[in-house]
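Remarks on the overall topology
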Amino acid sequence: MAKNSIRVRYAPSPTGHLHIGNARTAIFNYLFARHNKGKFIIRIEDTDTKRNVADGEKSQLDNLKWLGLDWDEGPDKPGEYGPYRQSERKSIYTPLIQKLLDEDKAYYSYRTEEELTADREEQRARGVMPHYEYEYAGMTDEEIKQSMAESEAKGLKPVIRFRVPKNTEYAWDDIVKGHVSFNSDTIGGDFVIVKRDGMPTYNFAVIVDDHEMKISHVFRGDDHVANTPKQLMMYEAFGWEAPKFGHMSLITSADTGKKLSKRDESIIQFIEQYRDLGYLPDAMFNFITLLGWSPKGEDEIFSRQQFIKMYDENRLSKSPANFDNKKLEWINNQYVKSSDEDVVMDLALRQLIAKGNLPKQPDAKTIEWARKLINVYKQQMSYMAQINEMASVFFNEPEQIDGESLEEINNDTAPVVLKEFAERISKIDIFDKVEILSTIKSIQKDTGIKGRKLWMPIRIAVTHEMHGPELPESIELIGREKALEHIDQTLKQINK
């Protein structure tokens, strides 16, 4: 197939927010299209009206854009193969459904949910895998018509089922998994293609849309493998050529080794949540691309353009992809370190305001103070929400010194250092990191106290922490008044 005829799609359902797994599907399709100079299409699969949520479509598209994806056709970019919402394509589906009915490749089924449930329970009791059993078995055409008429008279609404060919192999060469085949007798019997409300099911709508939109390749999650033989049957029934399929490996938790479940609250799984925590979109794109796909070499940090240039679908992994939150934090930290100061400033400032550590509309002086604070922690932050915890000493009055910290300053030289430091910083004209550093060095020169015995008492007294960013910068940010107050409290506590 010529590269310019490559067309792939990402088809989200507006039933919730953008999940990590769905974002990966979108990214892999996007990279394949851009690498091959093909087309990337967004199609909204909204036929499950009961599960659709308000703003579900908007949330999906907004978060895809945040990740840096753009598309050639979609609900917001109409093209020649629209509409791009399944709910608006019923006029396309209806004649094709009728065609299957007319050719006896599909039929009306009146079996109720209660009857189907009873069938499954009876099958389990016999040790048989639950499946749909043809409800008109052994009937003549006249008897089938009579049965349908009686069901209609009772007010029952039918579904439409596709007639599955008996004992037929359906196989394909999967781009990721290799050769895959299913026997038609193993898929659970004739399946529903139109629901009782008249809406087509996923398996029917997807093959019609992919055919009508001239989709050449379908990359999707491994959980869709079981749908593929059903779809191949319908391609065959219509006499259409099926696209090439690639089923991407499962994403598993690095902690448990189990498949990532939306019910597992120990892992943040939705893109919007990462946005809210102040992750960078380029870092998220980088991390997600490495979930089940690997570049050549050992490097792991790449720009979007680099990914597009080197993307190779043959490097998609058959093995499950480990979702490792620590690796995500490391990747994001690499991006934070190299990001423009204003980008980090804007995102971290939002976090400080959201937490209530800064006013909603900070004045220029506060913003400049915040800029200095954020720069102090820029190298350490894995994501911007961490600024609130890392810099808590600047917003919360510290508790009394105890434990290891108290032991560290409970000696004869600590009071000397603290008294000297307090006296000297109270007199300096400009209270900044340069003057503070000069003051500490002058104490060393005048007292002979140096190293840990010089620096640790000051750090512990002023910040109540044994570790942190550069001490002169920290003291400048805390401010002269609070620094003197904390030193006074510490001297009273050690009572020396």
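Use the structure listed above.
The structure contained in this document is the topic of the report that follows. (Residues numbered from 1 in each chain as written. Predicted model: local features only at pLDDT ≥ 70, side-chain atom pairs only at ≥ 80, totals over all residues. Heavy atoms only, no water.)

**Digging into the overall build of the chain**
- What the chain contains, in helices and strands, is 20 helices and 11 strands.
- Structurally, the chain occupies a C-alpha span of about 110 × 50 × 40 Å along its principal axes.
- With 496 residues in all, the chain has 48% of them scored as buried.
- Total accessible area on the chain stands at roughly 25100 Å², and carbon and sulfur atoms take up 47% of it.
- Counting 69 positive and 81 negative side-chain charges, the chain places the averaged centre of each group 2 Å from the other. (Helix = DSSP H or I, 4+ residues; strand = E, 2+ residues; numbered from the N terminus. Buried < 20%, exposed > 50% of the residue type's maximum accessible area, 1.4 Å probe, protein only. Areas by Shrake-Rupley, 256 points an atom, 1.4 Å probe, with all protein chains shown as cover. Lys, Arg positive; Asp, Glu negative; His and termini not counted. Charge placed at Lys NZ, Arg CZ, Asp CG, Glu CD.)

**With respect to the sheet that holds strand β4 (residues 159-162)**
- If you trace the three strands from one edge of the open sheet to the other, you get β3-β4-β7, paired in antiparallel fashion. Here the strands that pair on one side only, and so sit at the sheet edges, are β3 (106-109) and β7 (191-194). The mean inter-strand angle of the sheet, taken between neighbouring strand axes irrespective of direction, is 45 degrees.
- Lying over the sheet, helix α7 (residues 228-238) contacts β4 and β7, oriented at roughly 60 degrees with respect to β7. (Pairing = 2+ DSSP bridges. Axes fitted to C-alpha atoms, helices over the stretch in contact; angles between N-to-C directions. Contact = heavy atoms within 4.5 Å.)

**Re the packing of helix α9 (residues 281-289) against helix α11 (residues 325-338)**
- As a packed pair, α9 and α11 sit with axes 9 Å apart at the nearest point and diverge in direction by 140 degrees. In this view, α9 runs oblique relative to α11, as classed from their interaxial angle. Classified by chirality, the crossing of α11 by α9 is right-handed. Together, D282, A283, M284, N286 and F287 of α9 and K327, L328, I331, N332 and Y335 of α11 make up the contact between the two elements.
- Classifying every residue of the contact of α9 with α11 gives six nonpolar, two polar and two charged. (Parallel < 35°, antiparallel > 145°, perpendicular 65-115°, else oblique. Left-handed = near helix turned anticlockwise from the far one by under 90°. Nonpolar A, V, L, I, M, F, W, Y, C, P; charged D, E, K, R; others polar.)

**Remarks on helix α3 (residues 90-102)**
- Compared with the 18 Å implied by 1.5 Å per residue over 13 residues, the 18 Å span of α3 between its first and last C-alpha is a close match.
- Listed in full, the buried residues belonging to α3 are Y93, L96, I97, L100 and L101. Seen end-on, α3 carries its buried residues on one side only, within an arc spanning 150 degrees. Looking at α3, the residues exposed on the side facing more than 90 degrees away from the buried face are S91 and D102.
- Tucked into the core, α3 has its buried residues touching β3, β4, β7, α6 (202-212) and α7.
- Backbone geometry just downstream of α3 places D104 in the positive-phi region, at approximately 60 degrees. (Expected span 1.5 Å × (residues − 1). Arc of directions from axis to C-beta.)

**Details of the pattern of salt bridges**
- Under the definition given, this model contains 33 salt bridges.
- Of the charged contacts in the structure, one is a salt bridge between K58 and D62, with a shortest N-O distance of 2.7 Å. Of this pair, K58 and D62 are both found in helix α2 (residues 56-66), four residues apart, which corresponds to roughly one turn of the helix.
- Note on K58: relative accessible area 52%, which makes it exposed.
- Several salt bridges share partner residues, and in doing so they unite R9, R43, E45, R89, D209 and D210 into one network. (Salt bridge = Lys/Arg side-chain N within 4 Å of Asp/Glu carboxyl O.)

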